[in-house]
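Summary of structural features
One-letter residues, chain by chain:
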Amino acid sequence: MSLRRGFLLAVSFALSGILIVALIKIGRINLYATFEHLRDVSAVAFAGLVALTALHIYLSSLKWRKIDAFLRRSSDSAPSAAASFAITSVGVVCGQVLPVQISMSAARTVGTYFYGSPLKRGTAGTLYEQSFDVFIVGFLAIASGVTWFSKGGAAVYMIAATIMTIFAVLAVGPSIRFARSVLSATANSKWARNRVIRRFADLEQSGFLNAGLARQLMMLSAARFVVQILMVGQVAEAVGAHVSIWQLAAATPLAALAYALAITPGGLGVTELGYAFALHLFGTPVAVAAQWALENRILVLASCFVVAGIGVAALGLERALVFKFARDGGKRS
């Protein structure tokens, strides 16, 4: 690691600490009460959160596998479902200690090293896969804004969110066609000599920029958002926070945008302040919102580590079984 990168990472961690302290001060969080809430979380409630986290990660790995089917060359091997899940779960854990913009792509690039074309499949595939999460969140943030501006409640948000989700799915086709036309025009222009431009043009030729695939990815991103709402709702119920599910749903797109733009490790501090601010906009007291945001970070972090452990163990078992069958087959022959 270069001195500059080390310095930026240190600044990032320091900023996270400052923001968490600010959250505690602004929300007047009682750390002892927070510890009590976390200690009282039942095993059943935490198991439910782990299951939802696993589903959330699985949907991300499924999206990546769909894209990877277009990006990999005929000479490249395809990672199994277990391998994709394990790599993705490790990427999620890395996202808790690294800036969110690089954590998943770095994990998948390393994870696909032995499968071939790691940069194209790991980095480009992940950036494309995650762009749909940002796309759907952007549309749903508009629904949150409409709800806040109109001083609406659960019904207004549900109607607005449904309409914006439909708009997001309908916008995929024109967006893909526009992207393809831009890449085609650029590939035939003076900019075609640029190495980055050539790489994007080559990706376009792989066929992964098609409306059918994009619609599937958008629907999976919408499903991931629903699962994320269930996750934060599960945390609220587990710690006894008095926050309604529609307020969490309306606040999540705004917090997710803050997370996507954050330069702190895992969006630490930025996400929590984003949640506290957004929940307050929709009527949740700052003290309740801030304490829930901190408890949500801790419980979701714990569930991510559990899921990653299970994913890596499952991959290890799969590899052991494959090795055993290959060895036994070799002995029989």
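Everything below is about the structure shown above.
These lines cover the structure that appears in this document, whether it is placed above or below. (Residues numbered from 1 in each chain as written. Predicted model: local features only at pLDDT ≥ 70, side-chain atom pairs only at ≥ 80, totals over all residues. Heavy atoms only, no water.)

1. Digging into the overall build of the protein chain
- Helix and strand content of the protein chain: 12 helices and 0 strands.
- Looking at the 333 residues of the protein chain, the share that counts as buried comes to 44%.
- In the protein chain, of all internal contacts separated by at least 6 residues, the share reaching a separation of at least 24 is 78%.
- Surface accessibility of the protein chain: about 17,000 Å² in total, with carbon and sulfur atoms responsible for 71%. (Helix = DSSP H or I, 4+ residues; strand = E, 2+ residues; numbered from the N terminus. Buried < 20%, exposed > 50% of the residue type's maximum accessible area, 1.4 Å probe, protein only. Contact = heavy atoms within 4.5 Å. Areas by Shrake-Rupley, 256 points an atom, 1.4 Å probe, with all protein chains shown as cover.)

2. Things to note about the environment of Ala-154
- If you trace the backbone, Ala-154 turns up in helix α7 (residues 154-187).
- The partly exposed category is assigned to Ala-154, whose relative accessible area is 34%.
- The spacing of Ala-154 and Trp-246 is 92 residues in sequence and 5.4 Å in space, taken between C-alpha atoms.

3. Quick look at the pattern of salt bridges
- The full count for this structure, using the stated rule, is 5 salt bridges.
- Residue Glu-36 is joined to Arg-39 by a salt bridge in which the shortest nitrogen-to-oxygen separation is 2.8 Å. With Glu-36 and Arg-39 both in helix α2 (residues 31-39), this residue pair falls 3 residues apart, about one helical turn.
- Glu-36 sits in the buried class, given a relative accessible area of 17%.
- Overall, the relative accessible area of 53% leaves Arg-39 in the exposed class.
- The salt bridge involving Lys-63 is made with Asp-133; its shortest N-O contact spans 2.7 Å. One end of the pair, Lys-63, is in helix α3 (residues 43-71); the other, Asp-133, is in helix α6 (residues 118-149), with 70 residues separating them in the sequence. Each member of the pair, Lys-63 as well as Asp-133, carries the same accessibility label: buried.
- Put simply, Lys-63, Glu-129, Asp-133 and Arg-224 are held in one network by salt bridges that share partners. (Salt bridge = Lys/Arg side-chain N within 4 Å of Asp/Glu carboxyl O.)

4. What about the packing of aromatic side chains?
- Enumeration according to the criterion identifies 4 aromatic pairs in this entry.
- Between Tyr-128 and Phe-132, the aromatic rings sit 5.1 Å apart at their centres with planes inclined by 85°, giving edge-to-face as the arrangement. On the criterion of helical spacing, the pair formed by Tyr-128 and Phe-132 is a turn pair, its members being 4 residues apart in helix α6. The same class applies to Tyr-128 as to Phe-132, namely buried.
- Their ring planes at 55° and their centres at 5.1 Å tell us that Phe-135 and Phe-139 sit as a pair that is tilted. In this pair, Phe-135 and Phe-139 both sit in helix α6, 4 residues apart, roughly one turn of the helix.
- Looking at Phe-135, the relative accessible area reads 28%, which means it is partly exposed. (Phe/Tyr/Trp six-rings, centres within 6.5 Å; stacked < 30°, edge-to-face > 60°.)

5. Quick look at a nonpolar patch on the surface
- Side chains of Ile-159, Ile-163, Ile-166, Phe-167 and Leu-170 sit close together on the surface and give an oily, nonpolar patch of about 500 Å² of accessible area.
- Mapping Ile-163 onto the fold places it in helix α7.
- Ile-163 sits in the partly exposed class, given a relative accessible area of 39%. (Patch = residues over 30% accessible without salt bridge, like charges linked within 9 Å, V, L, I, M, F, W, Y side chains within 5 Å.)

6. Here we look at the side chain of Thr-53
- Mapped onto the secondary structure, Thr-53 falls in helix α3.
- At 2.8 Å, the side chain of Thr-53 and the backbone oxygen of Leu-49 are in polar contact.
- Among all residues touching Thr-53, those that are not within four sequence positions of it are Met-231, Ser-303, Cys-304 and Val-307. (Polar contact = N/O pair within 3.5 Å; in protein donor to acceptor, adjacent residues only side chain to side chain.)

Taken by themselves, the reported measurements are silent on function.
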